[in-house]
Amino acid sequence: MLQLSLTEQIVSVLSAVVLFSSFALLAQVRLVAAVHAFAWQGALVAAVTALMATVGSEPHLYFSAVLTLGLKALLIPWMLHRLIRRLALDRHVETIPYPALVILFGAGLVLFSYWVVLPIERLGFAATRNVIALTLAVVLLGLLMMVVRRQVVSQVIGFMSMENGLFLAAVAATKGMPMVVELGVAFDVLVAAVLFGVFFLQIRESIDSLDVDRLNRLTEAETE
Amino acid sequence: MDSVLSPAAWLLAGIQALLFTLAAPLLSGWVKKVKSRLQNRRGPPLLQPYQNLWKLFGKEALVAHTASPVFRAAPYIVFSSTWLAASVIPLIATKLPTAAVADVIVLVGFLALGRFFLALAGMDVGTAFGGMGSSRETLIAALAEPAMLMAIFTLTMTAHTTNLSSVVDHTLESSYSLRPSFLFALGAMLLVAVAETGRIPVDNPATHLELTMVHEAMILEYSGRHLALMEWAAQLKLMIYGVLIANVFFPWGIATELNLGSLAIGLAAITSKLAVLGIALAVSETVLAKMRLFRVPEYLNLALLLALLGIFSHVILEVGA
Amino acid sequence: MEALIVTLSTPAVGALLLALVSNVTAAGWLNLMLSGLSLGGSVALALGVLSAGPLTRHGFHIDAFNVYLVVLTTLVGFTTSIFSRPYMLHVCAQRKISQRHMRLYHSMYQVFMLTLLLALTIDNLGGLWVAVEGATLATVLLVSLYRTPEAVEAAWKYFILCGVGIAQALFGTVLIYFAAQHALPDPSQGLTWTVLHTHCESLHPTVMAIAFVFLLVGYGTKVGLVPLHNWLPDAHSEGPTPMSAVLSGLLLNVALYAVVRLKMLTDGALAGSDDPHMAGHLMMGFGLVSFLVASLFLHRQRDIKRMFSYSSIEHMGLMTFAFGIGGPLATFGALLHMLVHSLTKSAIFITVGHAAHIAGTQTIDRIRGLIRTQPSVGWGLLIGGVAIAGFPPFGIFTSEFLVLVATMQRWPWLSVALLVGLGVAFAGLFRHLHPMVYGAKPEGQEPVPANMIPVAVHLGLVLWLGIASPAFLSHWLDQATQLIAGSGLL
């Protein structure tokens, strides 16, 4: 049986909740609620990071935690929120075809990521190694969200939640990446968020909708 | 197991089963009372359910002339199967002789048996409401049961046994108390319990609104002592789920030794745990609105997902790979 | 070191400067001069590295492998900026692109060059990731520069697909860092490529194998490997033509460079395990599938830029396949192919830009009789097509021949697939090229002012490389082969 300290237990509980929040994002059809769920996920990731910093006494992780909290839980959700209001999507409700199937598929992805990471877990390098499988699952669930959602804003949320998973992976597996890399990644994420905002407006302008299904002019099909 | 032979332990098991049955109406009364208070009403007295049952037992049981013997037998079968289920659940102490049969699969089986006859009875007379209630009940049950079984399997995988009593003991002895799998299983169990006991937002026990009722529709044709047994069985079911949740997920306080002191602590612990659960139920019933029937599958899918995540997080996070 | 500073800081400073210059003509010239300066820096850097050996300092690592790509990148960046100046002026007048957008274009051109050069020279896998992702971010707004619905759609696809792909690469990078934590004497250096490479046999093979799969999928998306290639034809066809030239000629190379660097680490880590060539086999599989699928898709294209972007996928697939085979011969062939493909493909895109300008459309069916309207463009397209299809005496023939020989040595059966693919691609290209070059000239089609110097320079270089590869270049590529494959060819 696994022996974990109380903080490590909290870490694994919180990471499990992060996974659950990914499912919540996947199933949430109301945009504003999805943004809120995303903000919660960011806050949870920041909390896990802060706890990891306490466990491993890695002071630079505190900085990462604050960075994540600021970026993923506050700034980006705020930007998305503002955009949603600006584009008058407050009451937008998306229809997901076969929601139950999507969720089941998501559960399958969790199993898949466990299977992928299993050989690494067997190595038993760190007490929190088990979290790696969950982080991969969060990444893949974000990917799934981008595949099944047809709405630009939800796709962006899926993208950002992938980033959350990646960040958590770095924290769980290696106590965070070197500071320079982490800053670089955070910068990229921020730029990406700004660009997404620009794109919302461009897409809206060009097709008068934010439904990705209507972005269908470029295909291999031979149409005249 | 020594306790199997000890007459005192057997006596205690009998008392526990009896206590379970007798306390069930009290829990219902408590929930009703708290709910009324939350809605700024005074509400019926705490002991009102007992008076209702007493009154019904004294009345003549009318049976429709189209009814078959199944209709007459159903209340007794439903009540006794529920009561059997109740009697094996550890209420105030774990190491009792009945613990040997306190298997979770047996428990689910007893509950399923009761529900099967309840649904049969609903359809027996041939009225529209009864059939409708039965079909809805089976729809809910078909979705809730897998979720409940999976939530329970999460626990049994942790304890490596399907014996409820041992599960409780295992949780008490383990130092690894904050388990993500338990969190998810608890969530799933709460959702399933609400659905199975016919509370808001799945069903509303307080109304006979024809288009929405589920449980009430099935027992619409019953009267007198039959109705009393059916109602009592429903109250017992609420108590079963309450005790399951309280003792499996929060077992602290339950008596592991059979002496007077720890038994008293056990009794106090379960009373307070059930009181808290009752308040939580009343609050959620006040806050939530009943949902439309076709959204119930979504709700139960959530329970299923939580149960699934419980198993996953047990396998992924807790098994020391 | 000074040369490196010049190479890297020129685009950095240039990006800031160009963001401020609102005069389009001046910006075009400035862009050209900056690219030239960067080219000069990189040539000096290359001479230094070739005479004094690898340079590893301040988080940068330059050896024979990446310095040749640095020179190639700055060279193509320079020649494309020569083409870009008049072309963008013309586009600006025709499509009424605002000065603000032109400022964005020129500034991002330099940012793009900077990220590519950073990705090539940086000695840190995390930094490599950041730079490659930065390259996407820099170009994504350029793809949608024209603001047509198609362009916006292409940019969105590019952004999302590459973003998703590159996220997998970050996961792989995390796993490598994880493996390094337990293998290196100083774990904080766990992302430094040179340190990882010296200790690669002590990295855990299982972790490295899983990491490589993620990294291949991630960077492979950028390389344009099937089935992750969907963004590539769209982004190439809808963006401004100079962008297509640098995307096809440079970005794909840089992504492949990342894959090869990581393959070197993975091979080292897996050397003693059950499946030591796992990385190579994966690359061969992905490469071959991309090669075959893209050569089939060449046939059905209706847009000239789309057609050539499928040709890029095909060639990137071939290179990935060749790097996957490993060994000196295939590696040498792949390195040479990277070089000649970049030169040829950017020349072709520049010509295609002019051709589309002449015909006023990118639709293949409506581009006709180029050789009669404007012989220079017609001949440029024809010679470029001949070169890219792998005809002797052009350099692509040489490199493809080397790869084919290596395949025959190691995997004789796969050479059949390669030959079939080459044949199908050739047929697909010429089926479309022939009427565009020779077909009847439409009424009123007029020549346009075209600057064919970059095209001539590129194609001349490719021809030279095909006829007689200069000794210093062969020696240079051989050094790179030695680094990657363990032993040189010559």
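Residues numbered from 1 in each chain as written. Chains lettered and ligands numbered in written order. Predicted model: local features only at pLDDT ≥ 70, side-chain atom pairs only at ≥ 80, totals over all residues.

Student: So what exactly am I meant to see when it comes to the overall build of chain B here?
Tutor: When its secondary structure is counted, chain B shows 11 helices and zero strands. The order of helices and strands in chain B, counted from the N terminus, is α-α-α-α-α-α-α-α-α-α-α. The C-alpha radius of gyration computed for chain B amounts to 20 Å, which stays within 12% of the reference 20 Å derived for 321 residues, consistent with globular compactness. Of all 321 residues assigned to chain B, the portion counted as buried reaches 49%. (Helix = DSSP H or I, 4+ residues; strand = E, 2+ residues; numbered from the N terminus. Rg over C-alpha atoms; globule rule 2.2 N^0.38 Å. Buried ≥ 20, exposed ≤ 12 C-beta atoms within 10 Å, placed from the backbone.)

Student: So what exactly am I meant to see when it comes to the overall build of chain A here?
Tutor: When helices and strands are counted, chain A shows seven helices and zero strands. Taking 224 residues into account, the globule formula puts the C-alpha radius of gyration at 17 Å, and chain A, at 18 Å, falls close to it. Reported as C-alpha extents along the three principal axes, the dimensions of chain A are approximately 60 × 35 × 30 Å. Looking at chain A residue by residue over its 224 residues, the buried ones come to 53%. Of the contacts formed within chain A by residues at least 6 apart in sequence, a portion of 72% connects residues at least 24 apart. (Contact = placed C-beta atoms within 7 Å.)

Student: Looking at this model, I keep getting lost on the arrangement of the chains. Mind explaining?
Tutor: Here the protein chains form two pairs of chains in contact, of which the pair with the most contacts is chains A and C. Considering only C-alpha positions, the minimal separation of the non-contacting chain B and chain C is 16 Å.

Student: I'm lost on the interface of chain A and chain B in this one. Help?
Tutor: Accessible area lost when the parts come together is the quantity often used to give the size of an interface. Contact with chain A, which involves 23 residues of that partner, is made by 17 residues of chain B. Of all elements in the fold, only helix H1 (6–27), helix H4 (99–123) and helix H5 (131–148) of chain A reach the threshold of two or more residues within the side of chain A that touches chain B. A total of nine residues in the side of chain A that touches chain B trace back to one element, the largest contributor, which is H1(A). Among the residues forming the side of chain A that touches chain B, the class breakdown is 18 nonpolar, three polar and two charged. (Nonpolar A, V, L, I, M, F, W, Y, C, P; charged D, E, K, R; others polar.)

Student: Before we go on, may I ask you to explain the environment of Ala61(B) in this structure?
Tutor: Residues and elements named next belong to chain B. Relative to the helices and strands, Ala61 is located in the loop between helix H2 (48–57) and helix H3 (69–88). Sequence separation of Ala61 and Ala307 is 246 residues, and the distance between their C-alpha atoms is 42 Å. When near neighbours in sequence (up to four residues on either side) are disregarded, Ala61 contacts Ser223, Gly224, Arg225 and His226.

Student: How should I be thinking about the packing of helix H6 (residues 149–181) of chain C against helix H8 (residues 205–223) of chain C in this particular structure?
Tutor: Relative placement of two packed helices is described by the angle separating their axes and the distance separating the axes. Residue and element names in this part refer to chain C. Orientation of H6 relative to H8, taken along the N-to-C sense of each, is 155°, at an axis distance of 7 Å. It follows that H6 is roughly antiparallel to H8 by the angle criterion. Once H6 is placed against H8, the crossing between them reads as left-handed. Of the residues in H8, those in contact with Leu161, Cys162, Gly165, Ile166, Gln168, Ala169, Phe171, Gly172, Leu175, Ile176, Phe178 and Ala179 of H6 are Val207, Met208, Ile210, Ala211, Phe212, Phe214, Leu215, Val217, Gly218, Tyr219, Thr221 and Lys222. Each residue belonging to the contact of H6 with H8 can be placed in one class, and the counts come to 18 nonpolar, five polar and one charged. (Axes fitted to C-alpha atoms, helices over the stretch in contact; angles between N-to-C directions. Parallel < 35°, antiparallel > 145°, perpendicular 65-115°, else oblique. Left-handed = near helix turned anticlockwise from the far one by under 90°.)

Student: Explanation requested: the interface of chain C and chain A in the structure shown.
Tutor: Across the boundary between the two partners, chain C contributes 37 residues, which contact 38 residues of chain A. Broken down by secondary-structure element, the contributors of at least two residues to the side of chain C that touches chain A are helix H5 (125–143), H6 and H8 of chain C. Here the side of chain C that touches chain A takes 17 residues from H6(C), the largest share from any one element. Within the side of chain C that touches chain A, the residues separate by chemical class into 20 nonpolar, 11 polar and six charged.

Student: Is there a simple way to think about the environment of Met108(C) in this case?
Tutor: With respect to the helices and strands, Met108(C) occurs in helix H4 (residues 99–121). Beyond its immediate stretch of four places on either side in the chain, Met108(C) contacts Ala138(C), Thr139(C), Leu141(C) and Leu142(C).

Student: Can you help me understand the packing of helix H5 (residues 128–159) of chain B against helix H11 (residues 296–318) of chain B in this one?
Tutor: Residue and element names in this part refer to chain B. At their nearest, the axes of H5 and H11 sit 9 Å apart, and the two run at 15° to each other. With respect to H11, the element H5 is oriented roughly parallel. Considering only the axes of H5 and H11, their crossing is left-handed. Residue-level contacts link Ile140, Leu143, Ala144, Pro146, Ala147, Met150, Ala151, Phe153, Thr154, Met157 and Thr158 of H5 to Val296, Pro297, Leu300, Ala303, Leu304, Ala307, Leu308, Gly310, Ile311 and His314 of H11. Here the contact of H5 with H11 is built from residues that sort into 17 nonpolar, four polar and no charged.

Student: Sorry if this is basic, but what is going on with the nonpolar core here?
Tutor: Soluble globular proteins: nonpolar side chains tend toward being buried together. Counting 374 residues, the largest nonpolar core has Ala147(B), Ala188(B), Val192(B), Ala307(B) and Ala119(C) as the members making the most contacts within it. The element contributing the most residues to this core is H6(C), with 23 residues. Excluding residues that lie within four positions of it along the chain, Val192(B) makes contacts with Ala144(B), Ala147(B), Met148(B), Ala151(B) and Ala303(B). (Core = buried A, V, L, I, M, F, W, Y, C linked by C-beta atoms within 7 Å.)

Student: It is not clear to me how unusual backbone geometry should be interpreted in this structure. Could you clarify?
Tutor: Most peptide bonds take the trans form, and the phi angle of most residues other than glycine is negative. Omega for the peptide link from Ile200(B) to Pro201(B) comes to 15°, which places this bond in the cis form. With respect to the element layout, Pro201(B) can be found in the loop between helix H7 (180–196) and helix H8 (215–218). Omega for the bond connecting Val226(C) with Pro227(C) falls within 30 degrees of zero, at 5°, which places this linkage in the cis form. Among the structural elements, Pro227(C) can be located in the loop between H8 and helix H9 (231–238).

Student: What's the story with helix H1 (residues 2–20) of chain C in this structure? I'm lost.
Tutor: Since one α-helical turn is 3.6 residues long, residues separated by three or four positions face the same way. Its 19 residues place the ends of H1(C) 27 Å apart at the C-alpha level, agreeing with the 27 Å of an ideal helix rising 1.5 Å per residue. A maximum bend of about 30° is found in H1(C) at Ser9(C), where proline Pro11(C) lies one to four positions downstream. (Expected span 1.5 Å × (residues − 1). Bend = angle between axes of the 7 residues up to and from the residue.)

Student: What's the story with the confidence of the model for chain B in this structure? I'm lost.
Tutor: Note: predicted coordinates in regions of low pLDDT should not be interpreted at a detailed level. Residues and elements named next belong to chain B. The predicted model of chain B averages 87 in pLDDT, with 98% of residues at 70 or higher. Within chain B, the element-level pLDDT minimum falls on H8, averaging 84, and the maximum on helix H9 (residues 224–249), averaging 92. Among the prediction metrics, the complex's ipTM stands at 0.89, with pTM recorded as 0.88. (pLDDT = per-residue confidence, 0-100.)

Student: How should the environment of Lys95(B) be read in this particular structure?
Tutor: In this fold, Lys95(B) is placed in the loop between H3 and helix H4 (104–124). C-alpha of Lys95(B) to C-alpha of Ala9(B): the two residues are 86 residues apart in sequence and 8.7 Å apart in space.

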